[in-house]
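Fold and geometry: a report
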Amino acid sequence: MSDVVINSVIIVGAMGLAAAIILFMVAQKFHVVEDPRIDQVEEELPAANCGGCGYPGCRAFAEALVKTDDISDLHCPVSDKDSMEKIAAILGKEMGEMKPLVAVVRCAGSPDKSPRTNIYDGTHSCTIISSLYTGETGCPYGCLGMGECVDACNFDAIHMNADTQLPEVTDDLCTACNACVVACPRDIIELRKKNKKDRKIFVSCINEDKGGVARKNCKVACIGCGKCVKVCPYEAITLENNLAYIDPDKCRLCRKCAPECPTNAILEINFPVKKKKEATAG
Amino acid sequence: MIKTFPKGGIHPPEDKFSAGSPIQELPLPKSVIIPVCQHLGSPSEPLVKKGDRVKTGQIIAKSSGFVSTNIHSSVTGKVEKVDKFTDSTGYRRLAVSINVEKDQWEDNIDTSNTLKKQINSKAEEIIKKILDAGIVGMGGATFPSHIKLSVPKGKKVEVLIINGVECEPCLTSDHRLMLEKGEEMMVGVRLMMTALGVNRAVIGIENNKPDAISNLKTIAKDYKTIEVQVLKVKYPQGAEKQLIKSITRREVPSGKLPIEVGAVVHNVETAYAVYEAVQKNKPLIERVVTVTGKNIAKPSNFMVRTGTPVAYLIEAAGGLPEDTGKIINGGPMMGKALNSLDVPVTKGTSGILVVPQSESLRRPALNCIRCAKCVSICPMGLEPYLLRAASEHKKWDIVEEERSMDCMECGSCSYVCPSAIPLLDYIRLGKSTVSKIIRSRKQ
Amino acid sequence: MDKLITVSPSPHYYGDTTVKKLMYGVVFALLPAFFVSVYFFGIGALIVTAISILSCLAFEYLIQKYLMKAEPSISDGSALVTGLLLAFNLPTNLPWWIIIIGALVAIGVGKMTFGGLGNNPFNPALVGRVFLFISFPVQMTSWPTPIASRLQYTDAVTGPTPLGIMEEGLSQQETAAQLMEQIPGYMELFLGSIRGSMGEISAIALIVGGIYMLIRKIITWHIPVSIILSVLAFTGILWLMNPYDNADPLFHLLSGGLMLGAIYMATDYVTSPMTIKGMWIFGIGIGVITVAIRVFGAYPEGVSFAILIMNAFVPLINKYVKPKGFGEEVRNG
């Protein structure tokens, strides 16, 4: 009986020892020396791995932060200012200035505005539709409504509105990680400067067709008439390829342009209902 | 011996309703819309402006780069405008619209029907004339033909393969052309052989077209260097790589061109266009288009000028049936569904197929039961079920590793799937994403 | 046009093969073997089949509707196939409650826990059968005598199967030739007048169904042929080396569940490899393991275990055995 006990103790012990030696040797052989600051920086990052910074994940971004000398171009769109400052302190480098951004959907072609011209019968994917044809509406620029941006969002900040069949961004949840912008095959979503009280004013259309054609396909299309350009006191609006664009950096939210638009393509969001004549500084 | 390619393939219903109707000359429409990009490559540069008068066969847009070609007016009339028009995908692209007045051809074009067999041109002249005439691959790929006929340095062409397979169900334009314009086509093949400097050409035809086979075999007796090869009916035999495999037993390496194995493939209709261009000075402004469908009153084959609206063709074939569900530009396997009838016929339009409502919707997709039918029929030896799963879960590295870029989108996998899974949709999605990734990697 | 036209990506033609047609094709192919069983085993065969099919359908419906909260899809025929195959793998004198337990394990554990049709790694009918075999070894290994017990159900006259006689006899140091005398002849084995599981007895009926499935392109020949060839080869070698202690290859081929397993169970779409090469590996694996269990193992029969073991290797086979791509060899070489 005692033989059995002793034997098993010896055998198991020897096996354990052998395994330990092998593990130790392998760990020595394949040991990778890493800058310990990478781990420290990664601690501060949100671990969302959204890719909004342009790197494949938080770890890769942390490595980039440690390796690069000038980190003023590197931003984590999800982190707040405090944690970025902490990272800068760990690394002893200068942090760039952060501008809060928010995703904005630049299409208002709901079915009542932009009538459907055909029925799409295929896999629900914006990418597949846009490579096949113009989509269910006549507008070759508009939203395809299959919600690839919704799938791309890691923060539950963008949802399809069942009535308009358009995606809507919840500003508080949006981290401006850029995932939806990349996901949209039509480049409809844009990251714009976040203003006070989430106020926004933008041209909700990216149609570059001539006015008549654009109007035929969608009632709220920008027809490139240029009225908004003339009325803007800050030269924030440019007209290119039959399409007006409001530069978020120049715009001071004076709201003069919106009433001018004959197709109501310029949207004002989160402003008080009563119209003010004077400019409100953003 | 009847040959075919060994790997995969399917047998969809042939539905060649229009095989018995001879090619009819379609009267000119009131106006035509001629896109400046009817080929693969960079769009041509327009040479005309609003108000210009143009003659039939006059050049209206010129080649704008290496992979590009010329565009000619298909009618005589006044240029209405040079503007963006909706093309077959619904997107708006640059095109020239011309109001048709009459049909007066350019003076140097021989419009007679006399057969000109004598070949006087040298290789360079032939290639130049093909570029001048704006000839592109008319099987559907629309790759400029003069490039395919210029042999790159260091490569040697051993055989010219002429594609008369027409494996797409429903389409009959190539079939009718081989039957009715066989003599002209044969001269065209000779011209292409001169251009390439080869002394062997093989015309591949599937054995569901016995009349065309016997016609070409009779004509080929006069040409020692041209053979007619009968092939077993199997889709997608008309695909370039599969056809080369069927005829020469050689496999074009993945990601390479047919010239790697000493072969060049051209469509029968391209051969006819080459004959017209070189022997008759006639640019590519018309082609045979099949208009067909289960409920079409008169399934027909029309000789159509480029720029003619699709609606005009359907009208000529007896009008659009009541229960139309889908209109397809091309055949049912690889053709693209149209969302408007106002789009013009281009150099690559081989057929217009009208599908009834009852057959135009897909069955709802079920779970994959891993029956392996898609794997066994894939002519490229891929695993569609795996590509679909990887693409659905956005595993782009697997999509790339599993050679998705070899897929030629023949649609056989979607066709056979008993669960009605749209495999090809997902493979396309994977392909487009992977090619984006590959491009960004190169930068 | 007042109605909107449809736009969809190509292809626009679809084949008329559906999951339903494939499944009912399998059911149809199993009918000859079923009729043979009814002829030999009478009411027992009818009762076992009815209970097995009904309980499989019921469990599939209930689990899909109330546990998975999904639209029940029992009409696709896959549960019917599972029920029928489970019945085919049971002796015809099995008490009804054991059959229901088997059906619950087959559908519930073998199929639904993995997400339903298409996601199960193991053949559900075999999961049920092996579970019963291990849990109720006595009931699962009492085999009614054909014809004699046509009018009896659980009270049927029973005895050992040919494979059982062989296994038992060889372990008693008798020679294979002596044992063959106690066993029904090859013709009985071929036609099915032997003791055994309900559906496995008649090789000819199973082969007829298999040929039907081949013609209808429901299965390919690779898996059945590779299993049969490997069994023939392996048992042939053993027999040539030592004909006294080993039964001949033909006996192995016709006895037990080999035909049923090779033609109907191993070819189950979901649990078999995707490529031709993979199917050969899979089939040879089943053949070798079957013979190993029969000749060297404690059980007289090993087809079920062999198929389940090879099922477990299928994901691995699919991962490493790839079809040869068009133009690929040239690229590598």
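A quick note: this is a predicted structure, and the numbers were derived from the prediction, not measured.

Before going further, it helps to examine the overall build of chain C. Scanning chain C for helices and strands turns up 16 helices and three strands. A compact globule built from 333 residues should have a C-alpha radius of gyration of about 20 Å, and chain C, at 21 Å, falls within 12% of that. The 333 residues of chain C split such that 58% are buried. Long-range contacts, defined here as pairs at least 24 residues apart, represent 75% of the contacts in chain C between residues at least 6 apart.

So, about the pattern of salt bridges. On inspection of all chains with the given rule, the structure shows 45 salt bridges over all chains. In this structure, R106(A) and E190(A) form a salt bridge, with 3.8 Å as the shortest nitrogen-oxygen distance. With R106(A) in the loop between β1 (101-105) and β2 (118-120) and E190(A) in strand β5 (residues 189-193), this pair connects stretches of sequence that are 84 residues apart. In this structure, D52(B) and K49(B) form a salt bridge, with 3.8 Å as the shortest nitrogen-oxygen distance.

Moving on: the sheet that holds strand β11 (residues 226-231) of chain B. Residues and elements named next belong to chain B. An order of β11-β10-β9-β12 is seen for the four strands of this open sheet, with the pairing classed as parallel. Of all the strands in the sheet, the pair left with one neighbour each is β11 and β12 (263-267). Neighbour-to-neighbour, the strand axes of this sheet turn through a mean angle of 25 degrees, independent of strand direction. In this structure, strand β10 (residues 201-206) lies alongside β11, joined through six bridges in parallel fashion. If you follow G204 over to β11, its bridge partner there is Q229. The sheet contacts of helix α4 (residues 182-196) involve β9 (159-163), β10, β11 and β12, and relative to β9 the element is tilted by about 145 degrees.

With that out of the way, let us pick up the interface of chain C and chain B. A common way to state how big an interface is: give the accessible area lost once the parts meet. Facing 38 residues of chain C, the contacting portion of chain B comprises 64 residues. Both faces considered, chain C and chain B share a buried interface measuring about 4400 Å² in area, 57% of it formed by carbon and sulfur atoms. When residues of chain C are sorted by the area they lose upon contact with chain B, Y13(C), M274(C) and F326(C) head the list and together hold 23% of the total. At the surface where chain C touches chain B, the tally comes to three salt bridges. K322(C) is paired through a salt bridge with E383(B); the nearest N and O atoms lie 2.9 Å apart. Looking at the side of chain C that touches chain B, the elements with two or more residues in it are β1 (5-7), α1 (19-41) and α16 (328-332) of chain C. Each residue belonging to the side of chain C that touches chain B can be placed in one class, and the counts come to 17 nonpolar, 15 polar and six charged.

Conventions adopted
- Residues numbered from 1 in each chain as written.
- Chains lettered and ligands numbered in written order.
- Predicted model: local features only at pLDDT ≥ 70, side-chain atom pairs only at ≥ 80, totals over all residues.
- Heavy atoms only, no water.
- Helix = DSSP H or I, 4+ residues; strand = E, 2+ residues; numbered from the N terminus.
- Rg over C-alpha atoms; globule rule 2.2 N^0.38 Å.
- Buried < 20%, exposed > 50% of the residue type's maximum accessible area, 1.4 Å probe, protein only.
- Contact = heavy atoms within 4.5 Å.
- Salt bridge = Lys/Arg side-chain N within 4 Å of Asp/Glu carboxyl O.
- Pairing = 2+ DSSP bridges.
- Axes fitted to C-alpha atoms, helices over the stretch in contact; angles between N-to-C directions.
- Buried area = accessible area lost by both parts, 1.4 Å probe.
- Nonpolar A, V, L, I, M, F, W, Y, C, P; charged D, E, K, R; others polar.

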